[in-house]
Amino acid sequence: MIRANAMYWKAEAIYAQGQYEAALKQYRIFIFNPPSINSPLYNSAHYNLGYCHFKLEDYAEANTWFRKYLRNQKEAEVAKYNDALIRTGDGSLVLKEYDNALSFYGQAIDAKAKSSDYALFQTGIIRGIRGENNEKARIMDRLVNTYPRSIYAGAAYYEKGEALLSEGNFKGAEDIYRKVCRDYPNSEYARKSLLKTG
């Protein structure tokens, strides 16, 4: 077991140096080493393999490993588990698997994950991509009402304005854009909003 765990820690050290390809190979050596299955680090290696692939922008493979990690919730750390939900949502979004993305973001929101505001924001974006602009606006409202100090609040207001504009509610959109300019004057969304209001 000591030798197997040493393989894992070697992979961790390589990952920490940003050498994701090399870390990926080392995690795979650990995973496919038969004694490793009994290691308490075994499930964490699934999570870390997911991150290696995620960092290498291989989202399909990242999702495969994150899902393996998520299947074993009893051995998962709560913070990592919730993060894996969000990263699987992100991978699904990039792959345009919107139903899967909504499902994983929804699970993270329900679990009150640390990044639930981010998951809500991404959920709203997906609704907008699908042309469900009223739902997008509602979700962005939920985000700013639930997490008023969120780093995504300015973006959420701006995206709500975009949703209203798409639905032909020009006055409502203009009011939101002005709010973004007033309340988030140094944000990129203030500049974008200013362009919208002329």
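All figures in this text were calculated on a predicted structure; none of them were measured in a lab. (Residues numbered from 1 in each chain as written. Predicted model: local features only at pLDDT ≥ 70, side-chain atom pairs only at ≥ 80, totals over all residues. Heavy atoms only, no water.)

Remarks on the overall build of the chain
- Tallying secondary structure elements over the chain gives 11 helices and 0 strands in all.
- When the helices and strands of the chain are listed from N to C terminus, the series reads α-α-α-α-α-α-α-α-α-α-α.
- Taking the principal axes of the C-alpha coordinates as reference, the chain spans close to 65 × 30 × 25 Å.
- Taking all 198 residues of the chain together, the buried fraction comes to 49%.
- Surface accessibility of the chain: about 10,700 Å² in total, with carbon and sulfur atoms responsible for 50%.
- For the chain, the distance from the average site of its 28 positive side-chain charges to the average site of its 23 negative ones is 3 Å. (Helix = DSSP H or I, 4+ residues; strand = E, 2+ residues; numbered from the N terminus. Buried < 20%, exposed > 50% of the residue type's maximum accessible area, 1.4 Å probe, protein only. Areas by Shrake-Rupley, 256 points an atom, 1.4 Å probe, with all protein chains shown as cover. Lys, Arg positive; Asp, Glu negative; His and termini not counted. Charge placed at Lys NZ, Arg CZ, Asp CG, Glu CD.)

Regarding the packing of aromatic side chains
- Applying the stated criterion across every chain yields a total of 18 aromatic pairs.
- Among the aromatic residues, those joined into a ring-pair cluster are Tyr47, Tyr51, Phe54, Tyr59, Phe66 and Tyr69.
- Lying over the aromatic face of Trp65, Lys68 brings its terminal NZ or CZ to 4.4 Å of the ring centre.
- The ring of Tyr157 carries Lys179 above its face, with NZ or CZ at 4.9 Å from the centroid. (Phe/Tyr/Trp six-rings, centres within 6.5 Å; stacked < 30°, edge-to-face > 60°. Lys NZ or Arg CZ within 6 Å of the ring centre and 35° of its normal.)

Concerning the side chain of Asn63
- Residue position: Asn63 is located in helix α4 (residues 59-71).
- When its relative accessible area of 2% is taken as the criterion, Asn63 is described as buried.
- Polar contacts involving the side chain of Asn63 include one to the side chain of Ser92, which spans 3.2 Å.
- Apart from residues no more than four positions distant in its own chain, Asn63 is found in contact with Arg87, Thr88, Gly91, Ser92, Leu95 and Glu97. (Polar contact = N/O pair within 3.5 Å; in protein donor to acceptor, adjacent residues only side chain to side chain. Contact = heavy atoms within 4.5 Å.)

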